[in-house]
Every structure is written in C-alpha cells, then in structure tokens.
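# Architecture and fold: a report
Here's the letter readout for the chains.
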Amino acid sequence: MTDFNFPAGFLWGASTSAHQIEGNNTNSDWWHLEQRPGSFVSEPSGDACDSWHRWPEDLALAGGAGLNAYRFSIEWARLEPTPGHFSNAQLAHYERLIEGCLAQGLKPLVTLHHFTLPAWLAAQGGWAAPEAVDRFARYCQFVAPILSPVELICLINEPNMVALFPVLATAGMEALTATVPPLDQATVSGLIEAHQAGRETLRLLLPGARLGWSIAAQTYHSEPGAAAATAAYQDESEDVFYRASAGDDWIGLQAYTCRRLKLIDGALAPAPKPGSRRTLTGWEYYPAALAECVRRVAQLTGLPIVVTENGLATADDADRIDYTGSALTGLAQAMADGVQVEGYFHWSLLDNYEWGSYAPTFGLVQVDRQTFVRTPKPSLAWLGQLARRNRLTID
Ligand code: BGC
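Residues numbered from 1 in each chain as written. Predicted model: local features only at pLDDT ≥ 70, side-chain atom pairs only at ≥ 80, totals over all residues. Heavy atoms only, no water.

Along the chain, the regular secondary structure elements total 15 helices and 15 strands. Over its C-alpha atoms the chain spans a radius of gyration of 20 Å, differing by no more than 12% from the 21 Å that the globule rule assigns to 395 residues. Expressed as lengths along the three principal axes of its C-alpha atoms, the size of the chain is roughly 55 × 50 × 45 Å. Looking at the chain residue by residue over its 395 residues, the buried ones come to 61%. Looking at the chain alone, contacts between residues at least 24 apart form 79% of all its contacts between residues at least 6 apart. (Helix = DSSP H or I, 4+ residues; strand = E, 2+ residues; numbered from the N terminus. Rg over C-alpha atoms; globule rule 2.2 N^0.38 Å. Buried < 20%, exposed > 50% of the residue type's maximum accessible area, 1.4 Å probe, protein only. Contact = heavy atoms within 4.5 Å.)

This is the structure:
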C-alpha cells in the first residue's frame, strides 16, 4: 500500500448540465422531443431539479463538502431563443453562476453545448445544417464576455453521442441496445467544424482560456473474430474526435463502463457478459473503464486530460463509493505511471434528468421530485474529504 499525492491544484469537482437540472428549458429541441407523442423520449424533463433558481444551494453543497470545482453548462436555447435574438438577461444569469462558483471556492468548468440545441436550429437540421457552424461561432462570441474568469472551457459535450441522436430519432432507443449503429456522418462533420470555429472565435476573445471538448470514451472487449471490426468502429465513433482535438489545450474524457461486442453475420452486435453486475442504466459495473480510457486517450492525443464525467446510476450509495474509489485508484495508478490528468469531475452532483427518465440516479445529492429539497448522500462527504486530502492510498 502506498499513498498517491495528487498534484497541487488538482480539480475535484462534480458535473451537471443545464437541461438535466435547470427545468423548463422550453426553447430547446429536447423539450420539444419530450412533448412529441411517439418520440424516443419516454419521460419529460419538466421542472428538472429547479436549479435555474436553486443553483446557490447546489454550489453551497459542492463547496461545503470540500470540492474545489464545478462543471455546468450554458444553455444556448435560453440565450438565443429565436435566431439572432440574444438575451442579455439570460446571459447575466450565467455570469452570476460563475461568480457564485468563485465565491464558494469552486473553479468553474463551463460547457457551451451539452446535448441540447435551440429548437429553431434543430428544425433546420441541427449540426448537419449548413448554418450550424456560423451560428455556433456567433453564440460563442456572445457568451465570451462572461467567461473571462473561467480557465477551462468545454465547447461541446460528447460529440460522439450527439452524432447518434439522428439515428435514435429514426430507429428508437433499441438501436443502441440491440445493434451498434454507425454515427450520422453529416452531424460528425458539422460538430468537428463547429468545434474548430468556436475555438478560433474564443481564442481571439479569451486568450487566457484553455479550450477543449469532452468525448465519451469506451473501453472495448471483443469476442474472438470481432477485434478488427471493433477497432474500426472505435476509430470512426471515437478516435475521429481525438484527431479533431489537435490544437486544443486539453481534452475532456468521460468514462463509465465497457462495451462488449461480437460479430453476427458480419455485423457488430452487443455481447453483454452473462451474469455481470449491472447499474440502473443497464451498463456493466466496470470501474476499470476510467483508467483504461485515460491511458489510451493520453497516448492517442498527448493532451492533458480532465476527467469531466465518471460515476454510476445506483440506488445504493455504498455502491457509488465502491465504484468511485476503485475508478480513482486506477486513475491514480495511471498518473503515477506518468499520465497527465488535471482533474476529476464526478457525474453527477444531483439526481437529475437522465435524457428520458428520472429513474437512473447518478447523484451525490438526492433531489425530492416534488419539493426539490436536496439531501446529500454519504458519497458527497466521502468525495469532499478525498478532495481536501488530495491523496489516495493505492496498492
Ligand atoms: C452525458 C450526461 C449523462 C451521463 C450519464 C453522459 O453521456 O454527458 O449528460 O447524463 O452520461 O448517462
């Protein structure tokens, strides 16, 4: 047993996203999807956690527990509810949120796009629309003035998940569980171009900011005969975004589980491990994913890494502590081997809206669905104490 000391200034945070916690995000494409009969979304987001009003409580919980960082997203659909109409009042809300973080001793890591688009842009074709790139760059320009106190900016969250949304819209959620669908290529190109255009815009306006984006990383296990097809799939669904990160200042990595694949009639298909332990999202309980992904991404990109999401959906908070302790031990071992990691943000601060359902609970804090009362779980104090010590005992 040895003690691993995390570097001074290591970020210990919790992550959230606007649509999942704020509530009533009525100008977004997801809100409309949630209201549409027959869409692939089963439960609407509604009031979510009412963090639009209760964010001071959220920050006080995170800061009070000992965390030193907070990741949240700015909602484009609120800032530009109709094309070209930008709201200074809504922008001022996020400026107060940034000031609130700093007042609580939390370094803000700000995401500019976390899954939701203004409904008007989605109606024009979303990221595949010819105007999406310019529109995103203009949105970045509008937000820039409030971001001067922010060091780490994540332009886009999980472009590789976003490029699956058009597939889900036509094939439904089963497309993800029963098959291994390819990403929508027009969306992939739009996202990469938008990321690069947004980066150029912010570089000029915020020379001190460090710019990057967060990729959904997977660790793959393939059955005999499926290795080449799995590697090709990982290349086109994940590595394409690492290549497009050249020129970024850091890379965000989000890892939860592993994916097991096999070949059926020449096509890749999920091959869940029989009897394996599952979380409330149905994902395999696999804390080693974090370290495996961190080592791979460091090698592929050479960029400093920030773990912008990691966690699990469980009703048993003791499981959350076990899983996270094990994931962090692997992370510390990778760092001891020389991998450069600047921070760890747990997903999520709150039990929140999980894209179609409130059932999978990822939070360090429980939220009453009627009263919005927050009740911290033991895992919040546990992670906060680790943050204060900045040290972990590893094998
Ligand atoms: C997303 C989050 C989501 C989490 C757990 C990530 O794909 O960025 O928005 O809630 O995973 O499902």
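Once the structure has been displayed, the description carries forward.
The next subject is the packing of aromatic side chains. Applying the stated criterion across every chain, the model contains 26 aromatic pairs. Residues Trp-30 and Phe-40 carry aromatic rings whose centres are separated by 5.8 Å and whose planes lie at 85° to one another, so their mutual orientation is edge-to-face. With Trp-30 in helix α2 (residues 29-35) and Phe-40 in the loop between α2 and α3 (51-65), this pair connects stretches of sequence that are ten residues apart. Using a relative accessible area of 3% as the deciding quantity, one classes Trp-30 as buried. Among the residues examined, Phe-40 registers a relative accessible area of 15% and is labelled buried. The interplanar angle of 45° and the centroid separation of 6.0 Å between the aromatic rings of Phe-136 and Tyr-139 together place this pair among those described as tilted. Of this pair, Phe-136 and Tyr-139 both sit in helix α7 (residues 132-143), three residues apart, which is roughly one turn of that helix. With respect to class, Phe-136 is no different from Tyr-139; both count as buried. Sitting over the face of the ring of Trp-52, Arg-78 holds its NZ or CZ atom 4.2 Å from the ring centroid. (Phe/Tyr/Trp six-rings, centres within 6.5 Å; stacked < 30°, edge-to-face > 60°. Lys NZ or Arg CZ within 6 Å of the ring centre and 35° of its normal.)

Within the largest apolar cluster, 109 residues are counted, with the highest numbers of intra-cluster contacts made by Trp-12, Ile-74, Leu-112, Trp-127, Leu-147, Val-294 and Leu-331. Considering every element that reaches this core, the biggest residue donor is α7, with seven residues. In contact with Leu-331, not counting residues within four places along its chain, are Phe-10, Leu-290, Ala-291, Val-294, Val-307, Val-341 and Tyr-344. (Core = buried A, V, L, I, M, F, W, Y, C linked by side-chain atoms within 4.5 Å.)

We now examine the packing of helix α12 (residues 227-243) against helix α13 (residues 289-301). Look at α12 against α13: their axes get within 10 Å of each other, and the N-to-C directions meet at 60°. Here α12 is positioned oblique relative to α13, judged by the angle of their axes. For α12 against α13, the interelement crossing comes out right-handed. Residues Gln-234, Glu-238, Asp-239 and Tyr-242 of α12 form the contact with α13, whose own contacting residues are Arg-296, Val-297, Leu-300 and Thr-301. Its residues assigned to classes, the contact of α12 with α13 comprises three nonpolar, two polar and three charged. (Axes fitted to C-alpha atoms, helices over the stretch in contact; angles between N-to-C directions. Parallel < 35°, antiparallel > 145°, perpendicular 65-115°, else oblique. Left-handed = near helix turned anticlockwise from the far one by under 90°. Nonpolar A, V, L, I, M, F, W, Y, C, P; charged D, E, K, R; others polar.)

Before going further, it helps to spend a moment on the site of the ligand. In the region of the ligand, 13 residues are neighbours, and Gln-20, His-114, Glu-158, Glu-309 and Glu-354 sit closest. Gln-20 places a polar side-chain atom, nitrogen or oxygen, 2.8 Å from an oxygen atom of the ligand. One of the side-chain nitrogen or oxygen atoms of His-114 is found 2.8 Å away from an oxygen atom of the ligand. Protein burial of the ligand: of its 310 Å² of free accessible surface, 92% is covered by the chains. Of the residues belonging to the shell around the ligand, the class tally is six nonpolar, four polar and three charged. (Near = heavy atom within 4 Å. Polar contact = N/O pair within 3.5 Å; in protein donor to acceptor, adjacent residues only side chain to side chain. Areas by Shrake-Rupley, 256 points an atom, 1.4 Å probe, with all protein chains shown as cover.)

The next thing to look at is unusual backbone geometry. Geometrically, the link from Trp-347 to Ser-348 is a cis peptide bond, its omega value of 10° lying close to zero. At Ala-48, a position not held by glycine, the phi torsion is positive, near 50°. With respect to the helices and strands, Ala-48 occurs in the loop between α2 and α3. At Asn-390, a position not held by glycine, the phi torsion is positive, near 55°.

With that settled, consider the pattern of salt bridges. Side chains that differ in charge, positive against negative, can pair when their charged atoms come close. What the rule picks out here adds up to 18 salt bridges. The partner of Arg-78 in a salt bridge is Glu-22, and the shortest N-O contact between them spans 2.7 Å. With Arg-78 in helix α4 (residues 76-79) and Glu-22 in the loop between α1 (18-21) and α2, the pair connects residues that are 56 residues apart, well separated along the chain. Via salt bridges that share partners, Glu-151, Arg-210 and Glu-342 belong to a single interconnected network. (Salt bridge = Lys/Arg side-chain N within 4 Å of Asp/Glu carboxyl O.)

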